[in-house]
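Chains, contacts and geometry: an overview
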Amino acid sequence: MQSAITQFLRYLATERNASDLTIKAYREDLFAMVEWFRATRGQVPKPESLSPQELRTFQAALQEAGYARTTIARKLASLRSFYRFAMRQGIATSNPAKPLRNPRRQRKLPHVLSNDEVGRLLLAPPGGDTAGLRDRAMLETMYSAGLRVSELVALRDRDMDFDEQILRVRGKGRKERISPLGSFAIKAIKQYEQRRIRDPKTEQLGRDAPVFVNRFGNILTTRSVGRMLDKHIAVVGLDSRTSPHTLRHSFATHLLDRGADIRSVQELLGHKSLATTQIYTHVSAANLLSVYEKAHPRAS
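Per an unreviewed UniProt entry, the recorded name for the chain is Tyrosine recombinase XerC, and the organism is Novipirellula rosea. Of the comments in the UniProt record for the chain, the one headed Subunit (unreviewed entry) reads "Forms a cyclic heterotetrameric complex composed of two molecules of XerC and two molecules of XerD." Recorded in UniProt under Function (unreviewed entry), the annotation for the chain is "Site-specific tyrosine recombinase, which acts by catalyzing the cutting and rejoining of the recombining DNA molecules. The XerC-XerD complex is essential to convert dimers of the bacterial chromosome into monomers to permit their segregation at cell division. It also contributes to the segregational stability of plasmids."

This part covers the overall build of the chain. Scanning the chain for helices and strands turns up 13 helices and 3 strands. Looking at the 300 residues of the chain, the share that counts as buried comes to 45%. Of the contacts formed within the chain by residues at least 6 apart in sequence, a portion of 59% connects residues at least 24 apart. Accessible area of the chain: about 16,700 Å², with a carbon and sulfur share of 48%.

Residue position: Gly119 is located in helix α5 (residues 115-122). Looking at Gly119, the relative accessible area reads 17%, which means it is buried. Sequence separation between Gly119 and Arg298 is 179 residues, and the spatial gap between their C-alpha atoms is 9.6 Å.

All right, on to the UniProt feature "active site" (unreviewed entry) in the chain then. Under the UniProt annotation, "active site" (unreviewed entry) lies at Arg148, Lys172, His245, Arg248, His271 and Tyr280. Topologically, Arg148 is positioned in the loop between α6 (130-145) and α7 (149-153). Beyond its immediate stretch of four places on either side in the chain, Arg148 contacts Gly171, Lys172, Arg177, His245, Arg248, Leu269, Gly270 and His271. Among the polar contacts made by the side chain of Arg148, one reaches the side chain of Glu151 at a distance of 2.4 Å. Checked against the element boundaries, Lys172 lands in the loop between β2 (166-170) and β3 (176-180). Residues within four places of Lys172 in sequence aside, it is in contact with Arg148 and Glu151.

Now for helix α1 (residues 2-14). With 13 residues, α1 extends 18 Å between its outermost C-alpha atoms, agreeing within 8% with the 18 Å of an ideal straight helix rising 1.5 Å per residue. Buried within α1 we find Ala4, Ile5, Phe8, Leu9, Tyr11 and Leu12. Mapping the buried residues of α1 onto a view down its axis gives an arc of 155°, with all of them on the same face. Residues of α1 that are buried in the fold lie against α2 (20-41) and α4 (69-88).

Counted according to the given criterion, the structure contains 18 salt bridges. The residue Lys75 makes a salt bridge to Asp29 at a minimum N-O spacing of 3.3 Å. Of this pair, Lys75 sits in helix α4 while Asp29 sits in helix α2, and the two are 46 residues apart along the sequence. Of the residues examined, Lys75 reaches a relative accessible area of 8% and is grouped as buried. A relative accessible area of 2% places Asp29 in the buried class. Among the salt bridges present, the one from Arg241 reaches Asp239, with a minimum N-O distance of 3.0 Å. Judged by relative accessible area, which is 55%, Arg241 ranks as exposed. Salt bridges linked by common partners bring Arg158, Asp159, Arg168, Arg170 and Asp208 together as one network.

Right, let's get into the packing of α6 against helix α10 (residues 222-236). Taken N-terminus to C-terminus, the directions of α6 and α10 make an angle of 100°; their axes are 11 Å apart at the nearest point. Compared by their axis directions, α6 and α10 come out roughly perpendicular. Of the residues in α10, those in contact with Asp135, Met138, Leu139 and Met142 of α6 are Val225, Met228, Leu229, Lys231 and His232. Considering only residue class, the contact of α6 with α10 consists of 6 nonpolar, 1 polar and 2 charged.

Rules behind the numbers
For every chain, the first residue of the written sequence is number 1, and numbering continues from 1 onward in sequence order. The model is predicted, so local features are restricted to residues of pLDDT at least 70 and side-chain atom pairs to those at 80 or more, both for listing and for counting; the totals for chains, interfaces and linings are taken over all residues. With hydrogens and water stripped out, all remaining heavy atoms of the structure feed into the side-chain values. UniProt positions are given in the numbering used here, feature names are shortened, and annotations may be inferred rather than shown by experiment. By the criteria applied, helices consist of DSSP H or I runs no shorter than four residues and strands consist of E runs no shorter than two, each listed in order from the N terminus. We call a residue buried when its accessible area falls under 20% of the maximum for its residue type, exposed when it is over 50%, and partly exposed in between, using a 1.4 Å probe and counting protein chains only. A contact between two residues is defined here by any heavy atoms of the two lying within 4.5 Å. Using a 1.4 Å probe, accessible areas were evaluated by the Shrake-Rupley method; residue-level cover was limited to the displayed protein chains. Contacts described as polar in this section are N or O atom pairs within 3.5 Å, which, within protein, must combine one atom able to donate a hydrogen with one able to accept it, while residues neighboring in sequence count only if both atoms come from side chains. Multiplying one less than the number of residues by 1.5 Å gives the expected span of a helix. Along the arc lie the directions from the helix axis toward the C-beta atoms. Think of a salt bridge as a Lys or Arg side-chain nitrogen and an Asp or Glu carboxyl oxygen that are within 4 Å of each other. For helices, the fitted line uses only the C-alpha atoms of the stretch in contact; every axis is such a line through C-alpha atoms, and the angle between N-to-C directions lies from 0 to 180 degrees. Throughout this description, any angle smaller than 35 degrees is read as roughly parallel, any larger than 145 degrees as roughly antiparallel, any in the 65 to 115 degree range as roughly perpendicular, and the remainder as oblique. Residue classes follow a fixed rule: Ala, Val, Leu, Ile, Met, Phe, Trp, Tyr, Cys and Pro count as nonpolar, while Asp, Glu, Lys and Arg count as charged, and any other residue, Gly among them, counts as polar.

Pasting the structure below:
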């Protein structure tokens with residue numbers, strides 16, 4: 001078993017070009033299973049002899065030990081991936097992890113800010129310096145368009161159309177969508193652009209240059225956006241659970257509270273599904289803009 005796992009990890013590194021973190025996660029998951037069998041059975045079964053029943057016992061042990069449902073699901077996913085590799089290599093003839101069901105995920109209600117709290121947060125960055133103007137523009141843009149942080153830092157100058165009041169957003173899976181951009185956000189971005197710092201390397205990108213940059217004129221990271229938000233949350237005194245994604249949750253909740261239909265909000269967020277991954281509804285861009293202007297508190 002250990003030799004097969006080592007081959008699998010080598011395959012991930014050399015042929016799949018997996019990241020160090022991904023390989024580390026697989027290694028920990030798979031060798032945790034190995035150690036459990038060694039501790040409870042006195043020996044580790046060979047890959048070809050491990051049965052679904054034995055893995056169900058392992059899964060039950062993880063649940064009894066208090067592992068989170070998401071952690072257990074990840075460990076089972078690691079086992080399924082390992083056995084798909086083992087079957088291709090002729091190490092195993094079946095995938096004993098395939099019949100196992102992941103534990104049902106607990107759905108937690110997202111933390112959402114009230115309209116008043118959002119207003120206080122958006123006004124928190126000082127308007128007298130470049131960093132403050134940038135922070136306010138980022139917060140306004142995230143809330144105005146319901147962006148993920150990764151989508152925010154990926155914005156380029158060519159993605160913005162102030163005349164049409166829209167953004168081109170690159171979401172998960174490299175999928176693009178068009179999102180309306182409210183007048184408050186447009187005003188904040190324009191004020192920031194007048195003071196924006198440009199590194200020569202970034203400047204030569206032209207319309208491909210990032211919209212939001214750090215104090216050296218370089219591209220921002222998602223972590224730096226999180227630190228920025230934490231600073232302003234502390235100043236305003238908001239709940240410590242508030243994160244960049246809270247603005248996205250608030251965006252959707254406030255639209256629904258003001259009468260937007262859920263399928264329009266789904267489209268604005270770039271979600272593939274509504275209640276399940278099988279539901280997907282397209283809404284015309286004109287209708288989306290109309291819904292947005294009527295429902296979003298900072299659209300005009």
